[in-house]
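A structural walkthrough
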Amino acid sequence: MMDTWFVSILIEIVAYIISLSLSLLVTGSRDATVCVWEWSSRSQRVTGVDGKHASPRSVLTGHVERVDCVAVNGDQGCVLSASRGSPLLLHKVTGELLQRIPIPSNYRTPTRLLITPRCQLVVLFSDKAGCLAVFSSRGDLQASQELQEQVMAMICDKEGEHLITGGYNLTPVVRSLSTLSPVLRLAPCNSAISHLALSPDQRFLVAGMTQGAVNVYPMDFRRITEVTTT
């Protein structure tokens, strides 16, 4: 007899992300809640206590509108979530609200979130041409940068020193996380960049394009750091 497994979800999921450790799945929903699920990378599914019926490990509340984007850092044990025109919410994965962070008044539409290894909070806003902002885990604004192009993907290195962005300008851009200023522009892709990923040893950057192709770039973050500090 085949094993059966299912999760019954009665509300629409708007955003989701899996932690780098591949152990947690976080979903944001139209009903303004964020759910944290146990994720099995081996079976590629949510796991339940009885192996058949899965339920959220925790439900995070505090938003009043639908949750548009989420981020998780399993090592730090925290979840960041955002709704349009509302404060960012930083929770523990267990459900405790840590911070309610006001967003800049001239930006109302967060589209991407990221929690760095140093627990800095990176927010991409899509208003106008776009804006990047970095907050501390206490909610202090540490850096912001208005963009000249629409960004669709971003990723940071393991040390939490550099942020890589990509989008409709076709070019992956390496930025300093302390200032968000570009420090290196890589060779352009053939179409807009929709996804970015680093190899486990950080020696290669993979840029996925909207047309379905990928570009692979050699990376040397140590050299980038040396160049930018001299």
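Residues numbered from 1 in each chain as written. Predicted model: local features only at pLDDT ≥ 70, side-chain atom pairs only at ≥ 80, totals over all residues. Heavy atoms only, no water.

**Some remarks on the overall build of the protein chain**
A count of helical and extended segments in the protein chain gives one helix and 20 strands. Here the C-alpha atoms of the protein chain give a radius of gyration of 18 Å, agreeing with the 17 Å that 2.2 N^0.38 yields for 230 residues. Within the span of the protein chain, comprising 230 residues, buried residues form 47% of the whole. Restricting the contact set of the protein chain to residue pairs at least 6 apart, pairs at least 24 apart contribute 39%. (Helix = DSSP H or I, 4+ residues; strand = E, 2+ residues; numbered from the N terminus. Rg over C-alpha atoms; globule rule 2.2 N^0.38 Å. Buried < 20%, exposed > 50% of the residue type's maximum accessible area, 1.4 Å probe, protein only. Contact = heavy atoms within 4.5 Å.)

**Here's the deal with the pairing of strand β20 (residues 214–218)**
Bridge analysis of strand β19 (residues 204–209) against β20 gives five bridges, and the strand direction is antiparallel. Across the sheet, residue L205 finds its bridge partner in β20, namely Y217. Once β19 ends, the chain turns through four residues before running back antiparallel as β20, passing G212 with a positive phi of about 105 degrees. (Pairing = 2+ DSSP bridges.)

**Brief notes about the confidence of the model for the protein chain**
Counting all residues, the mean pLDDT for the protein chain is 89, and 90% of those residues have values of 70 or more. By mean pLDDT, helix α1 (residues 221–229) is the weakest element of the protein chain at 71, and β19 is the strongest at 98. Confidence over residues 1–10 falls short of pLDDT 50; this stretch has 13 contacts with residues more than four positions distant or in other chains. (pLDDT = per-residue confidence, 0-100.)

**Regarding unusual backbone geometry**
Not every positive phi belongs to a glycine, and C119 is a case in point at roughly 65 degrees. Tracing the backbone through its elements, the reader meets C119 in the loop between β10 (110–115) and β11 (121–125). On the basis of relative accessibility, which here comes to 12%, the residue C119 falls in the buried class. Phi is positive for L170, which is not a glycine, with a value near 75 degrees. Its relative accessible area of 27% is what places L170 among the partly exposed residues.

**Notes on the sheet that holds strand β8 (residues 88–92)**
Read across the sheet, four strands follow the order β6-β7-β8-β9 without closing on themselves; strand pairing throughout is antiparallel. This sheet does not close on itself; its edge strands, each paired only once, are β6 (69–73) and β9 (97–101). Neighbour-to-neighbour, the strand axes of this sheet turn through a mean angle of 15 degrees, independent of strand direction. Of the strand pairs in this sheet, β6 and strand β7 (residues 78–82) are connected by five bridges, and their pairing is antiparallel. The residue bridging A71 from the neighbouring strand is L80, located in β7. (Axes fitted to C-alpha atoms, helices over the stretch in contact; angles between N-to-C directions.)

**A short note on the nonpolar core**
Counting 19 residues, the largest nonpolar core has L80, L88, L113, I115, L121, F125 and F135 as its most contacted members. Breaking this core down by element, the ones donating at least two residues are β6, β7, β8, β10, β11 and β12 (131–135). Judged by nonpolar contacts, the second largest core, of 16 residues, contains V174, C189, L198 and F221. (Core = buried A, V, L, I, M, F, W, Y, C linked by side-chain atoms within 4.5 Å.)

**Examining the sheet that holds strand β17 (residues 182–185)**
Read from one edge to the other, the open sheet built from four strands follows the order β14-β15-β16-β17, with strand pairing classed as antiparallel. Looking along the sheet, the strands with just one partner apiece sit at the ends: β14 (151–156) and β17. Averaged over neighbouring strand pairs, the angle between their axes works out to 25 degrees when direction is ignored. As paired elements, strand β15 (residues 162–167) and strand β16 (residues 173–176) share four bridges and run antiparallel to each other. Bridge pairing in β16 places T165 opposite V173.

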